[in-house]
Amino acid sequence: MSEQSDRLFERLGGAEGVQVIINEMYDRVLRDDTLAPFFTGVPMERLRRMQYQFIASALDGPVEYTGAELNAIHRGRGITAKHFAKFCGHFADAVEARGASKEEIDQCLGRLATYKDKITGEANVDG
Ligand code: HEM
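Here is what the cut-offs are and how they apply
- Residues numbered from 1 in each chain as written.
- Predicted model: local features only at pLDDT ≥ 70, side-chain atom pairs only at ≥ 80, totals over all residues.
- Heavy atoms only, no water.
- 1 Å grid on protein atoms, 1.4 Å probe; cavity = no way out; pocket = protein on both sides within 12 Å on 5 of 7 lines; lining within 4 Å.
- Points joined across faces, edges and corners; volume = space filled by probe spheres on them.
- Helix = DSSP H or I, 4+ residues; strand = E, 2+ residues; numbered from the N terminus.
- Near = heavy atom within 4 Å.
- Polar contact = N/O pair within 3.5 Å; in protein donor to acceptor, adjacent residues only side chain to side chain.
- Nonpolar A, V, L, I, M, F, W, Y, C, P; charged D, E, K, R; others polar.
- Axes fitted to C-alpha atoms, helices over the stretch in contact; angles between N-to-C directions.
- Parallel < 35°, antiparallel > 145°, perpendicular 65-115°, else oblique.
- Left-handed = near helix turned anticlockwise from the far one by under 90°.
- Contact = heavy atoms within 4.5 Å.
- Phe/Tyr/Trp six-rings, centres within 6.5 Å; stacked < 30°, edge-to-face > 60°.
- Buried < 20%, exposed > 50% of the residue type's maximum accessible area, 1.4 Å probe, protein only.

(A) Structural context of the layout of surface pockets. As a volume, the largest pocket reaches approximately 690 Å³. In terms of lining, the largest pocket is formed by 27 residues, of which the most central are Y26, F39, L47, Q51 and H74. For the lining of the largest pocket, the elements supplying multiple residues, two or more each, are helix 3 (44-58), helix 4 (70-74) and helix 5 (81-97). Looking at the lining of the largest pocket element by element, the count peaks at 6 residues for helix 3.

(B) Layout of the site of the ligand. Of all residues adjacent to the ligand, which total 22 residues, the nearest are R46, Q51, A68, H74 and R77. With respect to the ligand, the side chain of R46 contributes an N or O atom lying 2.8 Å from an oxygen atom. Contact between the ligand and H74: a nitrogen atom at 2.9 Å from a side-chain N or O atom of the residue. Elements that contribute at least two residues to the shell around the ligand include exactly helix 3, helix 4 and helix 5. With 5 residues, helix 3 is the largest single contributor of residues to the shell around the ligand. Taken together, the residues of the shell around the ligand sort by class into 16 nonpolar, 4 polar and 2 charged.

(C) Main features of the packing of helix 5 against helix 6 (residues 102-113). The interhelical angle for the contact between helix 5 and helix 6, taken along N-to-C directions, is 150 degrees, at an axis separation of 10 Å. Our classification of the angle between helix 5 and helix 6 gives roughly antiparallel. For helix 5 against helix 6, the interelement crossing comes out right-handed. Contacts between helix 5 and helix 6 involve F84, C88, F91, A92, V95 and E96 on the former and, on the latter, I105, C108, L109, L112 and A113.

(D) Highlighting the packing of aromatic side chains. By the definition in use, this model includes 4 aromatic pairs. Taking the centre distance of 6.1 Å and the plane angle of 70 degrees together, the rings of Y26 and F87 count as edge-to-face. Linking Y26 in helix 2 (residues 14-30) with F87 in helix 5, this pair joins segments that are 61 residues apart in sequence. Here the aromatic rings of F54 and Y65 are separated by 5.0 Å at their centres, their planes lie at 90 degrees, and the arrangement is edge-to-face. Of the two residues, F54 sits in helix 3 while Y65 sits in the loop between helix 3 and helix 4, which places them 11 residues apart along the sequence. Look at F54 and you get buried, because its relative accessible area is 13%.

Encoded structure:
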């Protein structure tokens, strides 16, 4: 499984390719009227950098994530399952724009789906 994921990181173009994907994803997110308001006032340079680290390591790339714990950073922002799905849709579109296959896109989405409860707060006991 890890061997397959390593290949996935490389298939997406390695560090350079995944950076392009993250930038493209946030360009799409910020053009989305339902998602953009969540990012008002957020330092996007840092977010793009942290998200690169997070996603690269989630795809088993040789990158260490140094940012905040996902549950803590997303808690209390009112992010619903619908927002999460739209966000992942923009990620999928950005991956597709790099010429990835449907199978590769599905593998990426499968990885992101494992973080849904942390992002939407559905696993929070303290809200
Ligand atoms: C799989 C989906 C997602 C992942 C993996 C993810 C991951 C991250 C990461 C790594 C950070 C940076 C943490 C840091 O700066 O230390 C972050 C910040 C943030 N995320 Fe997400 N996120 C996801 C979905 C969402 C969604 C759906 C929204 C809202 C619609 C959202 C809103 C935010 C905001 C507003 C910040 C910036 C917080 C701040 O700097 O004050 N995220 N996210």
